[in-house]
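# Working through the structure, step by step
Residue strings, one per chain:
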Amino acid sequence: MNQKIKLVVLAGVIVLVVAGAAVAYNVLADRRLGGAASPSPSQSVSQTPSGSEAPSVSDGEASPSPAEVIAAPDFTVEKPDGTTTKLSDLAGKPLIINFWASWCPPCKLEMPHFEKLYGEFGSEITFLMVDLTDGNRETKDNAISFIEDEKYTFPIYFDTEGTAGQIYAGSGIPVTFFVGADGNIVPVYDVTGELVNGLLGAQEEDILRNGIEKLITASK
């Protein structure tokens, strides 16, 4: 009986040693590789004092540094006429992606700035104004009515499947990203002067304008 107990204890010790070695290997691998690869854009956004409609999401991990090159993940959105387009279809030209909804007060607050900037830079930059259309709180009809009532002329798109919002708007809306002609996210300066990968919350016109200028420069 004593011999059996010893064998059981020995087996337990071996399991613990193997498990500890595996954990140590993974930790060392993460350090060597500099952390997780392909971080989500929504993990590195800067929230403005005006806030956002959804609370920030924190997974306990450090946000990726703006120094990292992050390729903008592809997604599909719907146009008002029912046809679809992909982010990758717009490659080769710098673009701005803004996620919004007609029920979101901060989103509405910055819309006039986007309209003005679209009038100035619409020929140089693609404006991808993506409505988070869940079919319940937000519908295509609600979004279109809002745009028409305000007489906005920038093109709007609908994230009817929720996939784009999951990738880019996990921390809340409105949120804005600047993507270069090469398909990579261009870090921009937020209201505090910090270089960030995305702007969370309603932005002032000068912040958006500075981001556009940086985007154009980075795409040349």
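Calculation notes
- Residues numbered from 1 in each chain as written.
- Predicted model: local features only at pLDDT ≥ 70, side-chain atom pairs only at ≥ 80, totals over all residues.
- Heavy atoms only, no water.
- Core = buried A, V, L, I, M, F, W, Y, C linked by side-chain atoms within 4.5 Å.
- Buried < 20%, exposed > 50% of the residue type's maximum accessible area, 1.4 Å probe, protein only.
- Contact = heavy atoms within 4.5 Å.
- Helix = DSSP H or I, 4+ residues; strand = E, 2+ residues; numbered from the N terminus.
- Arc of directions from axis to C-beta.
- Salt bridge = Lys/Arg side-chain N within 4 Å of Asp/Glu carboxyl O.

## What about the nonpolar core?
Counting 49 residues, the largest nonpolar core has Ile97, Phe99, Trp100, Phe178 and Ile212 as its most contacted members. When residues no more than four places from it in sequence are discounted, the contact partners of Ile212 are Ile96, Leu117, Phe121, Ile125, Phe127 and Phe178.

## Thoughts on helix H3 (residues 140-150)
Every buried residue belonging to H3 is among Ala143, Phe146 and Ile147, and all of these are buried. Each buried residue of H3 sits inside an arc of 95 degrees when the element is viewed along its axis, so together they form one side. With respect to the buried face of H3, the exposed residues turned more than 90 degrees away are Asp141, Glu148 and Asp149. Trailing H3 by a residue or two, Lys151 shows a phi angle of about 60 degrees, which is positive.

## Re the pattern of salt bridges
Taken as a whole and judged by the stated rule, the model has four salt bridges. Glu205 is paired through a salt bridge with Lys116; the nearest N and O atoms lie 3.2 Å apart. Placement of the pair is Glu205 in helix H5 (residues 205-218) and Lys116 in helix H2 (residues 105-121), with a sequence separation of 89 residues. Here Glu120 and Arg209 are joined by a salt bridge, their closest N and O atoms 2.7 Å apart. A residue pair is termed long-range when its members are at least 10 positions apart, and Glu120 in helix H2 and Arg209 in helix H5 qualify at 89 residues. Linked through salt bridges whose partners overlap, the residues forming this network are Lys116, Glu120, Glu205 and Arg209.

## Quick look at unusual backbone geometry
A cis amide bond links Ile173 to the next residue, Pro174, at an omega of 0 degrees. Within the secondary structure, Pro174 sits in the loop between helix H4 (163-168) and strand E7 (175-179). Here Lys151, not a glycine, exhibits a phi torsion of approximately 60 degrees, which is positive. Structurally, Lys151 is set in the loop between H3 and strand E6 (156-158).

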